[in-house]
Amino acid sequence: MRMPRRQTSGQQIMLRTPEMSQQSTPEIAVINGVWKVGTIHDDGRIRVEVIKGVLEPSNKCSKQTSSIMFERLEPKGFTWKLVCKDTKLFFFEEFKKYFIWRQSDDLVYQAWIQSASHRYKDLCSRARDQLDNRIGKNVWLSWIEEWKTPECMAKTEIKRNNRKGGADVNEYPATHTGGSSSARKTTTLLADDYTRDPFNPELFLYTHTKNHDMKTFIDEKSAKIYEKIKALRDERSRPVDGSSTPRPVDENQLYYDALSGRNSRNKIYGIGSSQNLFYALSSSTIAHISNSSYPNSQDYEKLQTELKVMKERMKEMDAMQQRMKDMENLLARMSDNQNQ
């Protein structure tokens, strides 16, 4: 099995503003009028699209979002939650100057703001250690004062201990073996080897075993999770009475159930950015969309897509239940014939 390709550090992606000429870039590509994600539009902006809940190309969108944030930083905005709504909308309006899309603004905004929250968290994390010249000194000093408060320091200590898994160590233990590659990129690489999309238990096993050997787990937590996955698989695949054929198992649903679904942060442990590739929106996300902070638009497209996926799954479940009933009826008739 191939190892995920490492990203080369130091590579910079040049983003072109609408005012810049696009004649010298090789990325300009509209083949027979077909929209291609990541290419340059006629006005110089990069074409983007929300795919499985993620704004693609994610690396270019993330880099430009991070750069935009330095244009307006607030003295009280030492966490993303405290950044005011107007500033977040300002970031998004600036984002529009570099990117163009065909989907609704609200759909793109929901995907963008999820990424933006992570980029802002990274910005603040780096600012804790060292002043970035792009951050105003008055803003940075205000953040430092907030971070020094007993309440903030207590929260930081709790998060640090959680990150260490409760172990009394100086260095943070590894939580996966995927390196700098995102789970979505690892999923793509594994798909080449499997000639299909990997199931989540396979992705988890690959990214949580040493040297990807599929047997030596990086920590006790990962080992316990996989044992739970195997136990649940054995239970669900057990043949029905009178049959020797194992029942089919939905591996991705199996993983979801073994992890007890999403955690308090709306995340599914162990599969990182690939969770949107497999699972529908949570009820909290749907509620967030219905109360969108981006004005004058409703996110019909995203909800319709997720609803379609859920309906297809319901059809599969109905078909499975009907098959089980047919088998039970057949077994009952066979039993009656034997008793006669």
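Residues numbered from 1 in each chain as written. Predicted model: local features only at pLDDT ≥ 70, side-chain atom pairs only at ≥ 80, totals over all residues. Heavy atoms only, no water.

Here's the deal with the overall build of the protein chain
Move 1: A tally of helices and strands in the protein chain yields 12 helices and 4 strands.
Move 2: Sorting the 340 residues of the protein chain into buried and exposed places 38% on the buried side.
Move 3: A fraction of 55% describes how many contacts in the protein chain between residues 6 or more apart in sequence connect residues 24 or more apart.
Move 4: Just so you have it, the protein chain exposes about 21400 Å², and 51% of that area is on carbon and sulfur atoms. (Helix = DSSP H or I, 4+ residues; strand = E, 2+ residues; numbered from the N terminus. Buried < 20%, exposed > 50% of the residue type's maximum accessible area, 1.4 Å probe, protein only. Contact = heavy atoms within 4.5 Å. Areas by Shrake-Rupley, 256 points an atom, 1.4 Å probe, with all protein chains shown as cover.)

A closer look at helix α7 (residues 200–207)
Move 1: For α7, a buried count of 8 out of 8 residues is recorded, marking the element as mostly surrounded by other parts of the structure.
Move 2: Taken as a whole, α7 has its buried residues at N200, P201, E202, L203, F204, L205, Y206 and T207.

Let's talk about a nonpolar patch on the surface
Move 1: Side chains of L330, L331 and M334 sit close together on the surface and give an oily, nonpolar patch of about 240 Å² of accessible area.
Move 2: Position of L330 relative to the elements: it lies in helix α12 (residues 300–339). (Patch = residues over 30% accessible without salt bridge, like charges linked within 9 Å, V, L, I, M, F, W, Y side chains within 5 Å. Salt bridge = Lys/Arg side-chain N within 4 Å of Asp/Glu carboxyl O.)

Re a positive patch on the surface
Move 1: A cluster of like positive charges, contributed by K81, K121, R128 and K159, occupies part of the molecular surface.
Move 2: Here R128 lies in helix α3 (residues 105–129). (Lys, Arg positive; Asp, Glu negative; His and termini not counted. Charge placed at Lys NZ, Arg CZ, Asp CG, Glu CD.)

Quick look at the pattern of salt bridges
Pairs may arise between side chains of opposite charge once their charged atoms sit close together.
Move 1: For the coordinates displayed, the defined rule picks out 14 salt bridges.
Move 2: With its nearest N and O atoms 2.7 Å apart, the salt bridge here joins R236 to D257. With R236 in helix α8 (residues 220–237) and D257 in helix α9 (residues 251–258), the pair connects residues that are 21 residues apart, well separated along the chain.
Move 3: By relative accessible area, which is 30% here, R236 ends up partly exposed.
Move 4: Overall, D257 belongs to the partly exposed group, its relative accessible area being 28%.

Describing the packing of helix α1 (residues 58–69) against helix α2 (residues 85–96)
Move 1: Between α1 and α2, the least distance of the axes is 10 Å, while the angle of their chain directions is 125°. When the interaxial angle is binned, α1 and α2 end up oblique. As α1 runs across α2, the sense of the crossing is right-handed. When α1 is examined against α2, the residues C61, T65, I68 and M69 are found in contact with a partner set consisting of F91, E94 and F95.
Move 2: By residue class, the composition of the contact of α1 with α2 is 5 nonpolar, 1 polar and 1 charged. (Axes fitted to C-alpha atoms, helices over the stretch in contact; angles between N-to-C directions. Parallel < 35°, antiparallel > 145°, perpendicular 65-115°, else oblique. Left-handed = near helix turned anticlockwise from the far one by under 90°. Nonpolar A, V, L, I, M, F, W, Y, C, P; charged D, E, K, R; others polar.)

As for the packing of aromatic side chains
Move 1: Tallied over the entire structure, the rule returns 14 aromatic pairs.
Move 2: Their ring planes at 15° and their centres at 6.3 Å tell us that F92 and F95 sit as a pair that is stacked. In this pair, F92 and F95 are both assigned in helix α2, 3 residues apart and thus about one turn of the helix distant. With respect to class, F92 is no different from F95; both count as buried.
Move 3: Chaining the aromatic ring pairs together yields one cluster made of F92, F95, F99, W101, Y109 and W112.
Move 4: For R72, the ring lying beneath its charged end belongs to F90, and the centroid distance is 3.9 Å. (Phe/Tyr/Trp six-rings, centres within 6.5 Å; stacked < 30°, edge-to-face > 60°. Lys NZ or Arg CZ within 6 Å of the ring centre and 35° of its normal.)

Remarks on the side chain of S222
Move 1: Of note, S222 is situated in helix α8.
Move 2: In this structure S222 comes out as buried when scored by relative accessible area, which is 0%.

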